[in-house]
Every structure is written in structure tokens, then in C-alpha cells.
Amino acid sequence: MSRNLAVHKGEKTVPTENKIRWPVIIEEDKQAVMEVLNSGKLWGPYAPNCRGLESEFAAYVGTKYCIAFNSGTAALHAAVRAAGIGPGDEVITSAYSFLASAVAVLHSNGIPVFVDIDPKTHNIDPGKIEEKITEKTKAIIPVHIEGTPADLDEILRIAEKHDLIVIEDAAEAHGTKYKGRNIGTIGDMAIFSLNTTKNLPGGEGGLFVTNNVEYRGRANMVRMFGEYMEEGEGRSYVAYTLGWNYRTQEMPAAFARSQLRRLDKNNENSRRNGEYLSRELAKIKGLEPPFVPAHSVSNYYKYRLRLKPKELGLDIDPEEFRDKLLFALREEGVDVAIWQTKPLVSNPLFQIKDGYGSGCPWSCPFYNGDVIYSEEHYPATIDLLKNSIIVGSEEYPLFPQKLTLMQQYVEAFRKAFDNIEEVLEIDVSKFRRAGVTGRAEEL
Ligand SMILES: Cc1ncc(COP(=O)(O)O)c(C=O)c1O
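### Describing the packing of helix H2 (residues 48-61) against helix H7 (residues 250-260)
- Packing of H2 against H7 leaves a shortest axis separation of 8 Å and a crossing angle of 35 degrees. Judged by the twist between their axes, the crossing of H2 over H7 is left-handed. Contact residues: H2 offers Pro48, Asn49, Cys50, Gly52, Leu53, Glu56, Phe57 and Tyr60, while H7 offers Glu250, Ala253, Ala254, Ala256, Arg257 and Leu260.
- Partitioning the contact of H2 with H7 into residue classes produces nine nonpolar, two polar and three charged.

### As for the pattern of salt bridges
- Here the structure, examined in full by the defined rule, presents 26 salt bridges.
- With a closest N to O distance of 2.7 Å, Glu227 and Arg235 form a salt bridge.
- According to the relative accessible area criterion, Arg235 is partly exposed, its value standing at 24%.
- Here Glu280 and Lys283 are joined by a salt bridge, their closest N and O atoms 3.1 Å apart.
- Owing to a relative accessible area of 61%, Lys283 belongs among the exposed residues under this scheme.

### Digging into unusual backbone geometry
- With an omega of 0 degrees, the peptide bond running from Trp22 to Pro23 counts as cis.
- Mapped onto the elements of the fold, Pro23 is located in the segment before helix H1 (27-39).
- Residue Pro361 follows Cys360 across a cis peptide bond; omega there is 5 degrees.
- Locating Pro361 in the fold gives a position in the loop between helix H10 (348-352) and helix H11 (379-386).
- Positioned with a positive phi, Lys9 is a non-glycine residue whose angle comes to about 75 degrees.

Procedures and definitions
- Residues numbered from 1 in each chain as written.
- Predicted model: local features only at pLDDT ≥ 70, side-chain atom pairs only at ≥ 80, totals over all residues.
- Heavy atoms only, no water.
- Axes fitted to C-alpha atoms, helices over the stretch in contact; angles between N-to-C directions.
- Helix = DSSP H or I, 4+ residues; strand = E, 2+ residues; numbered from the N terminus.
- Left-handed = near helix turned anticlockwise from the far one by under 90°.
- Contact = heavy atoms within 4.5 Å.
- Nonpolar A, V, L, I, M, F, W, Y, C, P; charged D, E, K, R; others polar.
- Salt bridge = Lys/Arg side-chain N within 4 Å of Asp/Glu carboxyl O.
- Buried < 20%, exposed > 50% of the residue type's maximum accessible area, 1.4 Å probe, protein only.

What follows is the structure, encoded as C-alpha cells:
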């Protein structure tokens with residue numbers, strides 16, 4: 001019997017040569033890094049590329065201050081410390097995020113408290129925040145997940161009512177907007193990541209932004225061994241608080257500066273691709289494209305597509321359906337991925353409640369709360385992560401791709417859904433042994 005899908009030896013839909021690998025590195029990027037090497041100046045808090053990146057990104061976002069860090073996690077940790085969060089304090093964040101959103105709180109001896117998501121936007125559900133606020137709550141970290149802004153008006157209203165600081169985790173949201181305002185300028189502070197997968201890649205790195213001079217000063221102390229420095233002032237080598245060495249270096253800073261010049265263009269391309277996929281994939285029964293509110297501008301950092309096997313009359317375990325489809329699409333040549341499979345609370349770190357020994361920070365005598373980390377409190381997050389896949393991968397995200405590739409992707413989706421019985425025949429046990437991020441060709 002002849003079969004249609006590539007997984008069953010049918011013809012492959014998407015040719016590999018049509019894909020553009022991320023990050024796209026052009027001559028100017030190479031020159032910028034070579035100039036650093038030629039100058040011999042590779043490091044320093046006031047080195048020209050670190051300062052240049054800070055001032056150019058502050059101007060890009062529209063904040064008074066920007067400080068460059070060696071990761072988004074470090075920048076978030078510094079923001080949490082700048083907010084004065086410490087032993088016994090609780091900080092609210094989204095149940096669906098990358099670990100760093102919560103870890104930055106633990107590193108400050110604070111306690112992360114998770115709130116379930118809005119199933120439509122995949123962002124923290126503002127309607128569920130207030131029930132988690134206690135007298136210990138000090139801040140909210142909304143995460144602009146997948147590059148789509150969280151509902152900041154509602155979050156800020158709640159924060160003001162309860163006197164809480166808002167730190168935007170914009171690690172995934174460079175160049176995005178909420179109601180006409182740039183993400184990064186709306187909360188008290190914000191951070192962005194420069195890791196290579198991001199729309200603004202720097203190898204590794206992070207950027208902290210704020211309009212508040214005190215927050216800037218405190219975050220800078222955390223970055224620099226606890227030393228206090230006015231902007232442009234030399235080092236004193238005197239520590240006033242516990243700090244780390246979170247500085248970035250000249251080569252990644254020069255590379256990120258060069259990439260920043262193309263961020264808007266790449267984001268525009270990413271939006272064009274994301275919107276095209278949404279229009280076309282919505283026509284296929286059993287698929288629900290991501291929702292971007294009309295007042296927001298997303299950068300489609302991750303394109304999360306919801307699967308609805310019930311619409312096809314299928315009574316199948318959602319993860320099994322997801323994995324079968326993933327396998328079928330990869331064999332067709334579509335870059336699809338799974339990113340995060342469970343809410344953050346499911347990590348053993350939170351189940352065991354032991355960060356750095358002796359149950360700290362949860363066992364800290366200053367903490368008199370009793371946060372509960374129970375998976376069943378996060379049904380919307382669990383449902384989303386079981387029933388969705390990411391279109392695009394870290395190697396081949398949407399931002400640099402041509403529209404013709406998106407057209408081929410849609411064709412591959414149509415083929416898979418037109419031959420759904422062939423998808424259902426796939427044995428995913430081999431694929432699962434390779435791990436959720438394992439690629440079909442590595443089996
Ligand atoms: C939502 C979120 N927060 C924080 C981070 C941490 O950034 P980095 O990897 O630069 O430490 C990331 C990125 O990886 C992220 O996706």
C-alpha cells in the first residue's frame with residue numbers, strides 16, 4: 001500500500017536548503033568583533049562596546065538607564081536585589097516560564113509564588129494574582145512569554161493597590177509593544193536576554209533597564225562585587241553589599257550592538273511569518289494558532305500552536321498525539337519543537353524545596369509563610385504544554401525565514417492532517433527515548 005507521509009517513506013515536503021540558520025551573522029558583525037580583537041581591549045565596566053551597547057539599548061527601548069550583564073538570569077537577579085527582595089519575601093511570577101524567572105528570586109533568598117496562565121495569551125492570568133498575594137509579597141515578575149506582552153495594565157493596577165514592585169521579565173520580548181508603549185518601559189525595571197536563541201543574540205548576555213536611578217545603582221552593585229559607582233565613576237573596590245561578577249565582555253557586546261541594528265527588521269520578518277502561519281493554520285481543523293491581543297505587538301520569539309485532537313474526533317492521550325505529530329512533521333522537514341513540558345513547580349527543586357542546602361531558602365527563619373507547590377493548581381499551564389508544539393526551533397526560528405518556507409510548512413501541516421491515520425500509526429517510543437528535544441534524524 002503506498003503511503004503519503006515522509007515518515008512512511010513518502011515524499012518529504014520541505015527541502016532543507018530553504019532554511020536560514022540562526023543567528024544570521026553578516027560581515028558587519030564579524031568586523032565589529034574583529035575590531036575588539038584588534039583594539040586589544042576585551043573587558044571592563046566602561047569598555048567602549050559595553051557602554052555603547054548600554055546607551056544604544058536604552059535609546060532603543062526608551063529608558064534612562066541600561067546596564068549590560070553576562071546573562072538575562074544575572075540581570076534578573078540584580079533587578080530582584082535592586083527591588084530590595086530578601087529573606088522572607090514572596091515574589092509572584094508565571095507558572096509557565098523559563099526557570100530563570102523563579103531562580104533569580106531564590107538567589108536573593110526570596111520565595112517564588114506561581115500563578116496559572118491565561119490559556120489564550122499563555123501569560124500570567126491577572127485574574128488569579130490577587131488570591132496569591134500575602135503580607136509577604138513584595139513584587140510581581142510578569143513574563144512576556146514567547147515574545148507576547150503580558151497584560152500589564154491589570155498587573156500594574158494590582159501592584160499599585162498592594163504596593164508591589166513590577167519587574168518585567170522581557171528576556172524573550174525585545175522590540176515588542178503593549179498598547180503602543182515599548183516593553184521594558186512600563187514596569188519599575190525590566191530585563192532582556194541576549195542568549196543566541198533570542199531575537200537579539202549576543203552569544204550570551206543580558207540587559208537591565210530602568211528609569212529609576214536608585215534601582216540602577218543597586219543593580220550595578222550586584223553586578224560589580226557590591227561596589228557602588230556613580231555613572232561614569234571609577235571603581236572604589238569597596239563592597240557595600242553582596243555582589244557577584246555579572247559583567248559582560250567586549251566581544252559579545254560588540255556583536256550584540258551590531259545585531260541591534262537589524263532587530264526591528266528581523267522582528268518585522270518574524271511577525272510577517274507568524275501572522276501568515278496563524279492565518280493559514282487556523283483553516284486546518286484540529287489546530288489553534290497563538291493569540292496576540294490587538295493592542296500588542298509580538299516578536300513571535302516562539303510560535304506555540306495548540307493541538308485539538310478532539311476536533312478531529314480522536315480520543316487519544318494529548319501527549320501521544322503531540323509527539324506523533326511532531327515526529328511526522330519533522331520527517332516532512334518542518335522544524336517543530338517542544339519547549340517546557342510542565343509548570344515550573346514540577347521541577348524537583350520546588351518539590352523538594354531545597355535550593356542550596358538545609359532546605360534554604362524555604363527553611364529560612366525569616367520566612368514564616370508556607371507556599372504550596374502543587375501541580376494541580378496550574379491546570380491551564382498543564383493543558384497548554386500537553387496540547388501544543390512550537391513551530392520553529394532554536395536553530396531555525398521564525399525570525400530570519402523566507403515566506404516560501406512558511407508556505408511549505410503549511411503544506412506539510414495540511415499533508416499531516418489530511419493523512420491523520422498515518423500520523424496515528426507512528427510509534428513514538430523511539431523518539432521519546434531520544435528525549436523531548438531529540439531530533440528525528442538523531443535516532
Ligand atoms: C523567560 C525567560 N527569562 C529569563 C531567561 C534567562 O535568560 P538567559 O538565558 O540569558 O540567562 C530566559 C532565557 O533563556 C527566558 O526565556
